[in-house]
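So you can see what is in the structure, the chains are spelled out below.
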There are 2 protein chains.
Amino acid sequence: MAERDWEEVILTRHRTYSSQKCHARCLRKDCKVSEILVLGAGAMGSAFCFPAADAGNTVHLVGTHLDLEWIRSVRETGIHPKLKMKFPDKVIPYTHDQLSKTLLSTCDLIVLGVSSAGIPWAVEQLGSLIQNTTPILLLTKGLQTREDTLQILPDSVRAGLAEHGIRNVPVGAVAGPCIASELAAGRDTRVVVGFSEAELLESIVPRLATSYYHVHPSTDLAGIEACAALKNFYALAIGYPAGLLSKQGKAENGALMHNLAAGLFAQALVEMTQAVSFLDGTRDSVMGLAGAGDLYVTCQAGRNSRMGNLLGSGLRYSEAKANHMANDTVEGAELALVIGPALDVLFRHGRLDRKSFPLAIAIVDAICHDLPMNIPWTAFY
Amino acid sequence: MAERDWEEVILTRHRTYSSQKCHARCLRKDCKVSEILVLGAGAMGSAFCFPAADAGNTVHLVGTHLDLEWIRSVRETGIHPKLKMKFPDKVIPYTHDQLSKTLLSTCDLIVLGVSSAGIPWAVEQLGSLIQNTTPILLLTKGLQTREDTLQILPDSVRAGLAEHGIRNVPVGAVAGPCIASELAAGRDTRVVVGFSEAELLESIVPRLATSYYHVHPSTDLAGIEACAALKNFYALAIGYPAGLLSKQGKAENGALMHNLAAGLFAQALVEMTQAVSFLDGTRDSVMGLAGAGDLYVTCQAGRNSRMGNLLGSGLRYSEAKANHMANDTVEGAELALVIGPALDVLFRHGRLDRKSFPLAIAIVDAICHDLPMNIPWTAFY
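From N to C terminus, chain A includes 17 helices and 12 strands. Its C-alpha atoms give chain A a radius of gyration of 21 Å, within 12% of the compact-globule value 21 Å for 381 residues. Projected onto its principal axes, the C-alpha positions of chain A cover 65 × 45 × 40 Å. Sequence-distant contacts, at least 24 apart, represent 71% of the contacts inside chain A between residues at least 6 apart. For chain A, the exposed surface amounts to about 14900 Å²; the carbon and sulfur share of it is 49%.

Here you go:
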């Protein structure tokens with residue numbers, strides 16, 4: 001389809017959906033259709049479009065320059081190649097050059113589904129195009145450093161927009177256990193949506209919930225975001241025993257290494273609690289979907305676990321990455337590279353207690369210093 | 001070997017080990033050999049003997065009348081048939097009729113490794129034989145009801161002994177992720193040992209720790225015991241998605257149901273926190289090895305998960321038990337049958353808030369009332 005024709009399709013669809021009633025799977029009784037813009041057409045941004053559309057919203061999915069192939073495929077077949085699911089009709093795909101002031105200004109909510117490495121690009125785009133204070137919701141997980149300390153991504157986005165003269169934009173985030181392909185397939189998924197602004201939260205949550213996307217509100221944005229980032233980091237360690245097992249083999253009685261993995265899981269939660277507290281978040285978030293729930297799902301599968309397996313099998317990080325996962329983004333390892341030096345500064349300045357983070361230090365040693373992974377048993381709580 | 005000869009072996013071994021120095025895997029620098037009596041030669045009681053002996057103690061393993069075959073096998077081969085591992089020499093096996101006042105009085109620690117159903121029998125035995133205030137350590141997990149409320153097992157044991165006129169016996173417990181066969185195989189295992197008596201705790205913990213058995217002290221006995229019991233109960237629900245998946249099949253894009261399981265995992269921890277608080281335990285225990293750690297390992301394998309799978313596949317509890325797990329003790333289901341009626345009373349009297357336990361109610365409905373398992377999405381926190 002030529003670009004020109006496609007624009008016509010977009011306009012027609014847009015007019016149609018804006019006047020439609022809500023989808024059958026939407027939970028709202030008295031529902032007005034909203035316009036949601038999702039920036040980033042990778043697995044998570046695209047998966048989010050499914051419940052967003054099923055909740056009755058018109059969803060404008062704008063790919064980045066890295067998503068061109070995917071957007072083309074969606075236009076041709078309706079199917080996202082990575083999610084292997086056909087989008088609801090109410091999802092309208094755009095290429096990155098179609099992101100415009102007009103499109104942004106018609107939306108009630110802007111959702112960022114780019115990778116953490118894509119955040120500066122996204123902020124740059126939004127910074128030059130945003131004309132109002134439409135709320136921004138981050139699907140992206142990560143922590144950044146700023147002035148020798150750690151910062152949650154919503155704060156980074158807010159700071160980035162401020163550099164473009166854009167202020168007072170509420171920036172929130174989604175956290176909790178959510179494998180993208182499961183969400184796209186309409187599998188029951190519980191997440192937490194966080195905004196510091198309680199009233200805004202109250203209006204946004206019902207606009208996203210469906211019969212399978214169970215959305216819980218939280219005003220502890222710092223807590224859920226810290227958990228969302230750190231679970232990838234700690235999943236590296238919890239994946240270690242499976243790798244160690246593959247190297248050492250089963251015990252003579254067939255015993256595996258579940259006790260070890262579970263012992264590290266508990267330690268991870270204890271350390272996450274310390275980190276969340278440092279970032280002014282609450283323990284409730286660590287105990288809930290964003291912390292324990294997401295850590296649980298992250299340990300069942302995924303790239304962070306796989307890197308942990310490789311470390312457990314005896315490889316150094318550099319070897320594991322180069323020879324086995326060269327083309328994969330291992331978010332937990334990326335985060336280790338960011339927070340490793342920051343933790344070191346915070347320890348040295350006495351702002352964090354080194355003794356409270358033995359597992360984090362073991363992970364940082366393995367990733368940042370390419371040392372063998374070493375479980376510091378006697379240092380645990 | 002004739003019974004008479006065996007007694008001679010026991011005496012000789014006992015004399016030898018009491019004068020020996022500690023095992024190489026013991027962590028203590030200045031270590032005195034202790035005498036530990038383990039009552040119950042099932043998987044967990046027997047597995048505990050491995051680190052207990054490796055920590056330098058002489059371990060007297062006394063089977064119950066149900067463990068006769070196992071004790072015989074240990075005497076003949078040194079191997080526990082269920083654990084499929086050869087005991088360290090310092091573990092001395094006894095049949096139930098060899099439990100005596102003399103044996104009990106020479107021990108520094110009595111460990112109960114019977115099933116929760118065996119607790120009354122064990123209390124009866126100890127009640128008639130104990131002559132001093134040797135501390136008791138429970139490996140058994142469970143909650144009981146007493147005067148319309150819930151009670152942790154150490155309190156039940158204390159109350160049972162008091163009926164025999166035995167008072168002032170410290171009763172503690174072990175909690176945390178510990179699959180018996182892994183412990184017996186010397187796999188790294190982190191547990192928490194709880195006693196209300198801080199000084200006693202300080203003296204006992206180092207006597208149990210080895211290079212692979214990482215023992216953390218806790219004075220929150222109520223918290224760790226409530227977690228230890230409830231994790232079996234909640235594991236029933238977390239096992240549900242895998243069963244549902246087996247019935248419904250993969251989604252068209254291959255998606256599984258990890259999000260659902262993780263969402264239930266988080267809910268379980270939130271509800272466990274409420275229950276632990278009701279029993280005067282602390283949140284720290286829920287976040288640590290006894291709570292999150294043990295729930296994690298319980299969900300990776302075991303009979304509670306399997307029963308959850310069967311419920312998820314669409315079977316009622318009665319069918320699942322009778323046709324698939326007739327000879328298995330499903331501890332989470334046993335617990336549901338105990339706490340279901342108690343919860344109902346506590347809800348009616350307003351001592352617990354029904355709204356805080358939607359997942360518990362769903363489990364109780366499935367087990368006690370044989371209803372289909374139903375996930376109460378909108379009732380979750």
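Core analysis: the biggest nonpolar cluster contains 196 residues, and Leu112, Phe233, Tyr234 and Phe265 of chain A together with Phe233, Tyr234 and Phe265 of chain B have the highest contact counts within it. If we ignore the near neighbours within four places in the chain, the residues touching Phe265 of chain A are Ile238, Ala292, Leu295, Tyr296 and Cys299 of chain A together with Phe265, Ala292 and Tyr296 of chain B.

Residue and element names in this part refer to chain B. Following the criterion strictly, the structure yields 12 salt bridges over all chains and no others. Taking the shortest distance from any N to any O, the salt bridge between Asp294 and Lys231 comes out at 3.2 Å. In this pair, Asp294 sits in helix α13 (residues 289-300) while Lys231 sits in helix α9 (residues 221-238), placing the two residues 63 residues apart along the sequence. Since its relative accessible area comes to 5%, Lys231 is described here as buried.

Our focus in this paragraph is the sheet that holds strand β6 (residues 109-112) of chain A. Residue and element names in this part refer to chain A. Across the sheet, 8 strands lie side by side as β5-β2-β1-β6-β7-β10-β11-β12; this open sheet has mixed pairing. Edge strands, defined here as strands with exactly one partner in the open sheet, are β5 (91-94) and β12 (213-218). Averaged over neighbouring strand pairs, the angle between their axes works out to 25° when direction is ignored. Relative to strand β10 (residues 171-175), strand β7 (residues 136-138) is paired through 3 bridges, and the arrangement is parallel. If you follow Ile136 over to β10, its bridge partner there is Val171. Contacting β6, β7 and β10, helix α6 (residues 153-163) crosses the sheet at an angle of about 150° to β10.

For the pair chain A and chain B, the best superposition has an RMSD of 0.0 Å and corresponds to a rotation of 180° with a translation of 0.0 Å parallel to the axis. The relationship between the two copies is best expressed as a two-fold rotation axis. Nearest to the rotation axis, the C-alpha of Met287 of chain A is located 3.4 Å from it, this being the minimum over chain A. The fraction of interface residues of chain A whose copies in chain B are also interface residues reaches 100%, indicating that both copies meet through the same surface.

Rules and cut-offs
Residues numbered from 1 in each chain as written. Chains lettered and ligands numbered in written order. Predicted model: local features only at pLDDT ≥ 70, side-chain atom pairs only at ≥ 80, totals over all residues. Heavy atoms only, no water. Helix = DSSP H or I, 4+ residues; strand = E, 2+ residues; numbered from the N terminus. Rg over C-alpha atoms; globule rule 2.2 N^0.38 Å. Contact = heavy atoms within 4.5 Å. Areas by Shrake-Rupley, 256 points an atom, 1.4 Å probe, with all protein chains shown as cover. Core = buried A, V, L, I, M, F, W, Y, C linked by side-chain atoms within 4.5 Å. Buried < 20%, exposed > 50% of the residue type's maximum accessible area, 1.4 Å probe, protein only. Salt bridge = Lys/Arg side-chain N within 4 Å of Asp/Glu carboxyl O. Pairing = 2+ DSSP bridges. Axes fitted to C-alpha atoms, helices over the stretch in contact; angles between N-to-C directions. Least-squares fit on C-alpha atoms with pLDDT ≥ 70 in both.

By themselves, these figures tell us nothing about what the structure is for.
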